[in-house]
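Residue-level structural notes
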Amino acid sequence: MLERNPGCELDLGWLNSVNINLNAVNTAVEDILNSRDLKNDYRTAWLLKAVTCIDLTTLGGDDTPSNVSRLCYKAAKPLPEDLLNQLGFDYRPDCPIRTAAVCVYPSRVEDAVKTLKKLKLNDKINVASVATGFPSGQMPLKTRVEEIKYAVEKGATEIDIVIDRSLVLTGQWEVLYQEIQQMKEACGSTAHMKTILATGELATLNNVYKASLVAMMAGSDFIKTSTGKESINATLPFGLVMSRAIREYYEKFNYKVGLKPAGGIRTGRDAISWLIMVKEVLGNDWLTNKLFRFGASGLLSDIEHNLYGNITKSYPAPYEFTMG
Ligand SMILES: O=C[C@H](O)COP(=O)(O)O
């Protein structure tokens, strides 16, 4: 079982000391990305690492038991067998190249749990459920907390809560802290909690840093950038600011909180940029799905294209890819 963040008391003095400069953040992101020129073999390794860090997501109004079941099959076998063979992996049910989790709405948790049990992978692939009035968080607290309990009862092992952005925009840090604490309590003794900050709606990078700190102080096991439904989702500057907050929290409490960029991550190139940023800011310890995840619905197919290109040194034709 993954370790869980015990949290700490709300430290408003710490929040008041936050001062982030947009230009400095943008320059730092550019410097990090320019510092690495990856050779082909390394690219392949980074791309495979990225696959194992994906929370394979479907969050559509038209989700059904059957498309969630298909998602679980894809999570279990994210790349085609011939590609895996060429990369030196034997495809077998316990092949380590699988996604970290599937991520669904609370009503679809049971479907995911059922399929993963059938595949005998229920202890290897997590079922994450969004909750708390996803994506807006604009519901009464009682309803939001009940939603978490429902998802846990149905078998979710990870809960992706979303914060009420109005509390950040109006500076109500105590209320935000208390709400997140109650949500963590509702996760029970085992489910892991990822806190979605919806960074694209927090107005300033100072708010992103402060919300990251409050979420960690209130016991979040991961902090997550976005729901995928905001007009600005996961960007590297947001990721850098959140990573620096995670690092500061670690330096103070010796506890490692995870990072999950989500929303709009569609290419292998994007995925590698995120992994490099995490390596440079947080270090190698974070390059594992215990501490780093991509929330993504459409990243896998581009990774597959990239891996194919790395092996064959040619751009693949559309008919050469799986449609699953
Ligand atoms: O949490 C995951 C996000 O909703 C996924 O967003 P995406 O569909 O843009 O990949």
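Residues numbered from 1 in each chain as written. Predicted model: local features only at pLDDT ≥ 70, side-chain atom pairs only at ≥ 80, totals over all residues. Heavy atoms only, no water.

Let's talk about the UniProt feature "active site" (unreviewed entry) in the chain
- Under the local residue numbering, the UniProt record ascribes the feature "active site" (unreviewed entry) to K224 and K260. Across 37 residues of sequence, these annotated residues stay compact in space, with a maximum C-alpha separation of 4.4 Å.
- Apart from residues lying up to four places away in sequence, K224 is in contact with D160, T195, I196, L197, A198, M242, K260 and A262.
- Polar contacts involving the side chain of K224 include one to the side chain of D160, which spans 2.8 Å.
- Following the sequence through the fold, K260 ends up in strand β7 (residues 258-260).
- In contact with K260, not counting residues within four places along its chain, are D55, C103, D160, K194, F222, I223, K224, T225, R293, F294 and G295. (UniProt positions renumbered as here; feature names shortened; annotations may be inferred. Contact = heavy atoms within 4.5 Å. Polar contact = N/O pair within 3.5 Å; in protein donor to acceptor, adjacent residues only side chain to side chain. Helix = DSSP H or I, 4+ residues; strand = E, 2+ residues; numbered from the N terminus.)

Here we look at the nonpolar core
- Counting 99 residues, the largest nonpolar core has I159, L213, W274 and F294 as its most contacted members.
- The element best represented in this core is helix α10 (residues 205-217), accounting for nine residues.
- The contact partners of W274, leaving out residues within four places of it in the chain, are T225, A234, T235, L236, G239, L259, P261, I265, F292 and F294.
- Listed in part, the seven residues of the second largest apolar core include L59, C103, A128 and V130. (Core = buried A, V, L, I, M, F, W, Y, C linked by side-chain atoms within 4.5 Å. Buried < 20%, exposed > 50% of the residue type's maximum accessible area, 1.4 Å probe, protein only.)

Things to note about the sheet that holds β7
- Taking strand neighbours across the sheet as the criterion, the eight strands line up as β7-β6-β5-β4-β3-β2-β1-β8 in an open arrangement whose pairing is parallel. Looking at which strands have only one partner, the edges of the open sheet turn out to be β7 and β8 (294-296). Across the sheet, the axes of successive neighbouring strands diverge by a mean angle of 25°, strand direction being ignored.
- Bridge count for strand β1 (residues 54-57) against β8 is three bridges, and the pairing is parallel. Bridge assignment links I54 to a residue of β8, and that residue is F294.
- Contacts from helix α6 (residues 109-118) reach β2 (101-104) and β3 (126-131), with the element oriented near 175° to β3. (Pairing = 2+ DSSP bridges. Axes fitted to C-alpha atoms, helices over the stretch in contact; angles between N-to-C directions.)

Focus: the side chain of S243
- Among the secondary structure elements, S243 is positioned in helix α11 (residues 236-253).
- Among all residues touching S243, those that are not within four sequence positions of it are L259, M277, V281 and L282.

Here we look at the pattern of salt bridges
- In total, this model carries 18 salt bridges according to the counting rule given.
- The salt bridge involving R165 is made with E201; its shortest N-O contact spans 2.9 Å. Of this pair, R165 sits in helix α8 (residues 165-169) while E201 is found in the loop between β5 (192-196) and α10, placing the two residues 36 residues apart along the sequence.
- Judged by relative accessible area, R165 falls into the buried class, the value being 7%.
- Here E201 falls in the partly exposed class, since its relative accessible area comes to 36%.
- Measuring nitrogen to oxygen at the nearest pair gives 3.7 Å for the salt bridge that ties E230 to R165. Of the two residues, E230 sits in the loop between β6 (222-224) and α11 while R165 sits in helix α8, which places them 65 residues apart along the sequence. For the residue pair E230 and R165, the accessibility class agrees, reading buried in each case. (Salt bridge = Lys/Arg side-chain N within 4 Å of Asp/Glu carboxyl O.)

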